[in-house]
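Chain by chain, the residues run as shown.
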Amino acid sequence: MKRESSGQPRRGDLQQPVSAGIIAALVGYTSAFAVVLTGLVAVGATPTQAASGLLALCLAQAVGMWWLSSRYRMPLILVWSTPGVALLAGTDALDGGWPVAVGAFIVAGAGYVVTGLWPALGRLIARIPAPVAQAMLAGVVLELCLAPVSAVKDNPGAILPIAAVWLLGIRFAPRWAVPAAFLAAGVVIGIDMARHGTTITASSLTPELTFTAPQWSWAAVIGIALPLYVVTMASQNVPGVAIMKSLGYDVPWRGTIVTAGVATMAGATAGGHSVNLAAISAALAAGPPAGPDPRRRWIAAQSAAATYVVLAIASAALAALVGRRPCRSHRDGRRPCPARHPRRRARRRRDPTPGT
């Protein structure tokens, strides 16, 4: 790559890594932020606490990416654990409610730190057979993958337009398929709100961190922390290292995993469940779309970090928007909308203590 005499890249040299980082952040965020909200609510969070968790994750990822890319000059992308939050979405709230879930998130983060400092443990996780890890992941996400198909029966007018936009995006602009489907979902929700006179209060649009004092229980460690740790390591961190290696980068294992663990622990009391190395999103920021010079692709991670700060500011508004998504069964009064009130009966029985 041609450079100016100062050794700094020209402005035109920055366009590809900057845009690649923005795309990586947008794809990672829009493809799973609604699942994050659903998973956190399933283990006892209120909608306000779930929105706080989304905000905390964005900020923790941004800080972690900025530090790693500055320190190692590599396009190291951090994301939340989508398989982990999918696991949470299928978990009932435990005795102790949200505070014990927060304690479990801290335990999982501590597990990442120990794994980073103790390479033998990382090698042990890497020895989990790929079919076993894939089967574990499939069991976690199968229900979520089938949810849109089931939702077509209840509300085809809302689901089919979003699916059509996504399919057209996959055909003509694959990198933008998920953000386009997200925008289509926003339009559908907006139309539904206008039709039924639903409004969003101004206070719900302001991002706010809501902290919860963690509590500890063996049930939460076994039922949340351990599965969250295993599924995140086996389906995110280890594959992420392999993908980066295939793109020509030797990931600094200790620094990356310890940073992810510290970020997880830092964001846990505000509701963040897990921060980890990206797998799929890594290819967007570390591959050829981020520019022809691999030595300059670390800028994509910086760009992704800045994008996540912007998304963090918008997190409360997006959480409020998702809370107003159309649900025919809910409007008709036949039964609670399962997407908005996961495990409602279980939470009523356990009466979780609200966060502070």
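See the structure above.
Residues numbered from 1 in each chain as written. Predicted model: local features only at pLDDT ≥ 70, side-chain atom pairs only at ≥ 80, totals over all residues. Heavy atoms only, no water.

A.B. asks: So what's going on with helix 4 (residues 82-89)? Residues and values would help.
C.D. replies: Of all eight residues in helix 4, seven are buried; the element is thus mostly enclosed. Buried residues of helix 4: Pro83, Gly84, Val85, Ala86, Leu87, Leu88 and Ala89, and no others. N-cap assignment for helix 4: the residue whose side-chain oxygen lies 2.9 Å from the backbone N of Gly84 is Ser81. (Buried < 20%, exposed > 50% of the residue type's maximum accessible area, 1.4 Å probe, protein only. Helix = DSSP H or I, 4+ residues; strand = E, 2+ residues; numbered from the N terminus. Polar contact = N/O pair within 3.5 Å; in protein donor to acceptor, adjacent residues only side chain to side chain.)

A.B. asks: Account for the packing of aromatic side chains, naming residues and giving values.
C.D. replies: Following the criterion strictly, the structure yields five aromatic pairs and no others. Ring centres 5.6 Å apart and planes at 55° place the aromatic pair Tyr29 and Trp80 in the tilted group. Taken as a pair, Tyr29 in helix 1 (residues 15-30) and Trp80 in strand 1 (residues 78-80) lie far apart in primary sequence, 51 residues in all. A residue is classified by how much of its surface remains accessible, and Tyr29, at 1% relative accessible area, is buried. Here Trp98 and Phe105 contribute two aromatic rings whose centre-to-centre distance is 5.8 Å and whose plane-to-plane angle is 75°, an arrangement assigned as edge-to-face. Exposure class is identical for Trp98 and Phe105. Each is buried. In this structure an aromatic cluster arises from ring pairing among Tyr29, Phe33, Trp80 and Tyr308. Lying across the ring of Trp298, Arg73 places its NZ or CZ 4.1 Å from the centre. (Phe/Tyr/Trp six-rings, centres within 6.5 Å; stacked < 30°, edge-to-face > 60°. Lys NZ or Arg CZ within 6 Å of the ring centre and 35° of its normal.)

A.B. asks: If you had to explain the packing of helix 4 against helix 10 (residues 218-246) to someone new, which residues and values would you point to?
C.D. replies: The description of two helices packed together rests on the angle between their axes and the distance between the axes. As a packed pair, helix 4 and helix 10 sit with axes 8 Å apart at the nearest point and diverge in direction by 145°. Once helix 4 is placed against helix 10, the crossing between them reads as right-handed. On the side of helix 4, the interface is formed by Thr82, Pro83, Gly84, Leu87 and Leu88, while helix 10 contributes Ile224, Pro227, Leu228, Val231, Thr232, Ser235 and Gln236. (Axes fitted to C-alpha atoms, helices over the stretch in contact; angles between N-to-C directions. Left-handed = near helix turned anticlockwise from the far one by under 90°. Contact = heavy atoms within 4.5 Å.)

A.B. asks: I'd like to hear about unusual backbone geometry, residue by residue, with values.
C.D. replies: Backbone geometry places Arg73, a non-glycine residue, at a positive phi of 55°. Checked against the element boundaries, Arg73 lands in the loop between helix 3 (47-72) and strand 1.

A.B. asks: Break down the side chain of Thr212 for me, citing the residues and quoting the values.
C.D. replies: Along the polypeptide, Thr212 turns up in the loop between helix 9 (177-196) and helix 10. The class of Thr212 is buried, set by a relative accessible area of 4%. Looking at Thr212, its side chain comes within polar contact range of the side chain of Trp98, at 3.2 Å.

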